[in-house]
Structure formats: C-alpha cells, structure tokens
Amino acid sequence: MDIYLKRRRGKILLLIVAVVIGVASLLYTNWLTNKMAQEERKKVEIWAEAIKGLIDVSIDTSSPSQEMAMLETRYLNFLNMVNERNTTIPILIINQDGSFNLDHNISYREERREEVLTKELKKMKAYAEPIPINLGDDNTLLLYHRESTILRNLRWYPIIQLVVIIIFIVVAYFAFLATNKAEQNQVWVGMSKETAHQLGTPISSLMAWIELLKLKDVDENLIKELERDTSRLERITERFSKIGSKPELLRINLIEVLNSAVSYLKSRSSEKVKFVTNYDKNAYVETPLNAALFSWVIENICKNAIDAMTNSGTITINVEEKNEHVTIDITDSGCGVAKSNHKTIFQPGFSTKKRGWGLGLSLAKRIVEIYHNGKIFIKWSEIGKGTTFRIILQK
C-alpha cells in the first residue's frame, strides 16, 4: 500500500507542478499583454494627435504662407512616419455621419470594403473606446483600433504552452510507466524462475524421503499427506517457472479446473468458510487454458476473499457459458472494496493487509489478460457486504 501511495503522490505532484507552471505563465502573459495593449493605445493616441495637429495647421491663417507650408509639411511627414511604423495595429477613422474615412492594417478586396470594415468596426467597438479627433465647428472624427496581430497571438501563447506542457507530461508519464513496467516484468520473471529453481532441490529431497518412509513402518495417512503437500509444492514450482514465458494453452474442461481449485481451498480453509458452486460439477465446458496458472488465479481471488471475510463467510462461484466466452463470477461476503480502488487493486504493490507484497491480484490479472486473452475486473462491491470478481475467458 505504501509503494502505491508514493507513486500516486508522485503523479499528483507532477500534475500540480504542470498546473502551477501553466497558471503562472497565463498570469504573466496576461499582465504582459495588458501592458502592451496600453502601449498600443498610446501609439494610436499619438497618431490621432498628429492628424489633429495637421488639420489645425492647415486651417491656421495667421502665419505667412511659406512658413505655414513648411509646418504643414513637417506634420505631414510626422504623420506618414507614424503611419508607416504602425504595421500591426488595425485602425479605422469614422466620419461624423458614420461613414468610413480612413483605414489602416486591414486587409480586404475593394469590392468587399464596406462588408469587411463593418465587421472590423464591430470588433473595435467591443475592444476599446474610440479616440475623438475634434476638428472644430462641431466636426469630430472617431478613431477606432483593436489589438495588433502580435498581441493577439501572444494571448494564445500561455494556452499553447500549457497544452505543450501537458503533452510533455503525458508522454513522459507513459514512457516512465512503460519503463517501470518493463523493469517490474524483468524482476518478476527473474524472481519467479529463481524461486522455481531453488524449490527444485528440496522437493526432490522430500520425494526421496517419502520413498524411504514407505519402506519403514510409518502411518500411511501421514505419508499420503506428505505426498499431497509435495505434489502441491511441485505445482507451485511449475507455476513460477511459467512466469515470463508464453504458457501452453490446452483445450480442457474448465469445470474440472474449478472443482480441483475449490477442493484444495476447502481442505486448507477454516470450517467457517463456506463454498457455494452454482454450476453443474459434471458439466463439460471446453476452454483454452493452462490449468496450473488458471487454478492459481482462482486460489488467489478466493484467498483474498477469505482474508476479507476474516476466515468466516461464504464464497459463491457462478459459471455462465455464452456463445463466444465463459463468465466466472466469484462473490464473497467480506468487507468490500472502495470504488476508488476497483482498478488500483490490480496494481503491483497495492495491499490492504499489513503483510504481503500485493502481487496476488496483479499476477491474476497478468495470467488472465496476457496469457489467456481474457478479462478480470470487479463487477460489484459494497463496503460491509462483499465483492464480486468477474473473469471472462474466450471459448
């Protein structure tokens, strides 16, 4: 459980870092764009003042004509300079009667001028208040503008950046997950094969001791129990040796495998644990199986159920045969599984018990889904009432 919680906290921390970076970038870019918008407004106001100044000079008759012409030329040059240097801010000047006077940095075809400028005017009115240019004699022009293309693109920058960060984190997460899974698989395979190898020698020794005991005056019931346990150890060794390599699937009777697993569990469980099998024990349901591995799945689920029931309760096994698959439901009357743990319960390291590695259900999932091309999941669970595990096998 501790390993799982650490991994979960790491994922949450990674997500929080991404959100903080995105929000910080969004706030900073928003502040920056507002400052730029203010600067653009000042430039437009300067442009408006230049127009007003040029008009004031044009209507001033108190100065000599030569001096007047020079001053008008200077204003006109200044206006042209401001106009030429503004290559990004769309500008629109409206006459007092509402007609279009002048436009700048707005692209359109001549036949669509009125249509395009009308749309632009609507956007500009929504963007900012107009700048009045008072020409005197109750004649006032209105200068509209909106944000430049650079500023508009900059507003999208934090969103694009956040998307890129999220994509990077997702890719990094799945890459890490794939690497972590590969490492786990290698550890599992190595541990399983080494366990099978280490068990081989004492099992051989036990078999020899049993044969020796048969020659002595030893209780036959005792020898039978020893043979049964030795046979069980051989089966466990076979299971461990198959982890990591593709097991051989034979078309065998699923009911026989279930009967064998239930029989073994009954002999090793408390009398307070009741097993109910809602299927015909003499039926023949042919399914591609590896009996040694699949019986391990049934035993793992049932042992978890016995622990959940604290060695007292009922385990019910249902088998339903359909056209293309067989469904096996294993229901216990235990403490139940929280809905938030329905998927994580199959992850390596997840365990609600103080003892154990949390590998039983993870191995069960691997055996069912990878080796048998089936499915295993929690069909139903209610806290304090029990849990149903469902296994679906292809026929």
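A quick note: this is a predicted structure, and the numbers were derived from the prediction, not measured.

A. Molecular detail of the overall build of the chain. Tallying secondary structure elements over the chain gives eight helices and 11 strands in all. Scored against the burial criterion, the 395 residues of the chain give a buried share of 36%. Across the chain, contacts joining residues at least 24 apart in sequence account for 68% of those joining residues at least 6 apart. If you sum the accessible surface of the chain, you get close to 24300 Å²; carbon and sulfur atoms cover 56% of it.

B. Broad picture of a nonpolar patch on the surface. A cluster of nonpolar residues, L26, W156, I159, I160, V163, V164, I167 and V171, forms a patch on the protein surface that exposes about 760 Å² of accessible area. Among the elements that take part in the nonpolar patch, helix α4 (residues 149–214) stands out by supplying seven residues, more than any other. Checked against the element boundaries, I159 lands in helix α4. Judged by its relative accessible area of 42%, I159 is partly exposed.

C. Representation of the sheet that holds strand β1 (residues 91–94) within the structure. Strand order in the open sheet formed by four strands is β2-β1-β4-β3, and the pairing between neighbours is antiparallel. Whereas interior strands pair on both sides, the edge strands pair on one side only; in this sheet they are β2 (100–104) and β3 (131–134). Averaged over all adjacent pairs, the angle separating strand axes in this sheet is 20°, with direction ignored. Here β1 runs beside β2; their pairing, made up of four bridges, is antiparallel. Bridged to L92 within β2 is D103.

D. Up close: the nonpolar core. If you look at the biggest cluster of nonpolar residues, it comprises 44 residues, and the most contacted ones within it are L254, F294, I315 and I391. With nine residues, the top contributor of residues to this core is helix α7 (residues 291–308). When near neighbours in sequence (up to four residues on either side) are disregarded, F294 contacts L254, V257, L258, L289, I328, I367, H372, I391 and L393.

E. Seen up close, the packing of aromatic side chains. Here the structure, examined in full by the defined rule, presents two aromatic pairs. For the ring pair F346 and F389, a centre distance of 6.1 Å and an interplane angle of 90° mean the geometry is edge-to-face. Here the residue F346 occupies a position in the loop between β9 (325–332) and α8 (360–371), and F389 occupies one in strand β11 (residues 386–394), the gap between them amounting to 43 residues. Comparing F346 with F389 shows no difference in burial state: the two are buried.

F. Highlighting the packing of helix α6 (residues 254–267) against α7. Interhelical geometry of α6 versus α7 gives an angle of 45° and a closest axis separation of 9 Å. Taken as axis vectors, α6 and α7 run oblique relative to one another. Read as a crossing pair, α6 and α7 show a hand that is right-handed. When α6 is examined against α7, the residues L254, V257, L258, A261, Y264 and L265 are found in contact with a partner set consisting of A291, F294, S295, I298, E299, C302 and K303.

G. Structural context of the environment of V319. Of note, V319 is situated in strand β8 (residues 313–321). Classification of V319 by relative accessible area gives buried; the value is 18%. Each C-alpha atom, one on V319 and one on D329, is 6.6 Å from the other, the two residues being 10 residues apart in sequence.

H. Summary view of the pattern of salt bridges. Enumeration according to the criterion identifies 16 salt bridges in this entry. A salt bridge links E115 to R112; its shortest N-O distance comes to 3.0 Å. The class for E115 is partly exposed, based on a relative accessible area of 40%. One continuous salt-bridge network, built from bridges that share partners, spans D103, R113 and E114.

I. Region of interest: unusual backbone geometry. The residue N105 is not glycine, and still its phi comes out positive at about 60°. In this fold, N105 is placed in the loop between β2 and α3 (113–127). Although it is not a glycine, T310 adopts a positive phi angle of roughly 50°. Turning to its location among the elements, T310 is positioned in the loop between α7 and β8.

J. Highlighting the sheet that holds strand β10 (residues 375–382). The strand order across the open sheet formed by five strands is β6-β8-β9-β11-β10, and the pairing between neighbours is mixed. If you trace the sheet from one side to the other, it starts and ends with β6 (273–278) and β10, each paired once. Each strand axis lies, on average, 15° off the axis of its neighbour in the sheet, ignoring direction. In terms of strand pairing, β9 meets β11 through eight bridges, oriented antiparallel. Among the inter-strand pairings, H325 is bridged to a residue of β11, identified as Q394. Its contacts with the sheet put α7 on β6, β8, β9, β10 and β11, and the angle it makes with β11 is roughly 170°. Lying on the sheet, α8 is in contact with β10 and β11; it crosses β10 at an angle near 135°.

K. The side chain of N253, seen in detail. Checked against the element boundaries, N253 lands in strand β5 (residues 250–253). A relative accessible area of 7% means that N253 is categorised as buried.

L. Seen up close, the pairing of β3. Side chains I131 and I133 project from β3 onto a buried face, and the interleaved P132 and N134 project onto a face without burial. As defined by bridge partners, β3 adjoins strand β4 (residues 140–145) across four bridges and the pair is classed as antiparallel. Within β4, the residue paired with N134 across the bridge is T140.

What counts, and where the lines are drawn
Residues numbered from 1 in each chain as written. Predicted model: local features only at pLDDT ≥ 70, side-chain atom pairs only at ≥ 80, totals over all residues. Heavy atoms only, no water. Helix = DSSP H or I, 4+ residues; strand = E, 2+ residues; numbered from the N terminus. Buried < 20%, exposed > 50% of the residue type's maximum accessible area, 1.4 Å probe, protein only. Contact = heavy atoms within 4.5 Å. Areas by Shrake-Rupley, 256 points an atom, 1.4 Å probe, with all protein chains shown as cover. Patch = residues over 30% accessible without salt bridge, like charges linked within 9 Å, V, L, I, M, F, W, Y side chains within 5 Å. Salt bridge = Lys/Arg side-chain N within 4 Å of Asp/Glu carboxyl O. Pairing = 2+ DSSP bridges. Axes fitted to C-alpha atoms, helices over the stretch in contact; angles between N-to-C directions. Core = buried A, V, L, I, M, F, W, Y, C linked by side-chain atoms within 4.5 Å. Phe/Tyr/Trp six-rings, centres within 6.5 Å; stacked < 30°, edge-to-face > 60°. Parallel < 35°, antiparallel > 145°, perpendicular 65-115°, else oblique. Left-handed = near helix turned anticlockwise from the far one by under 90°.

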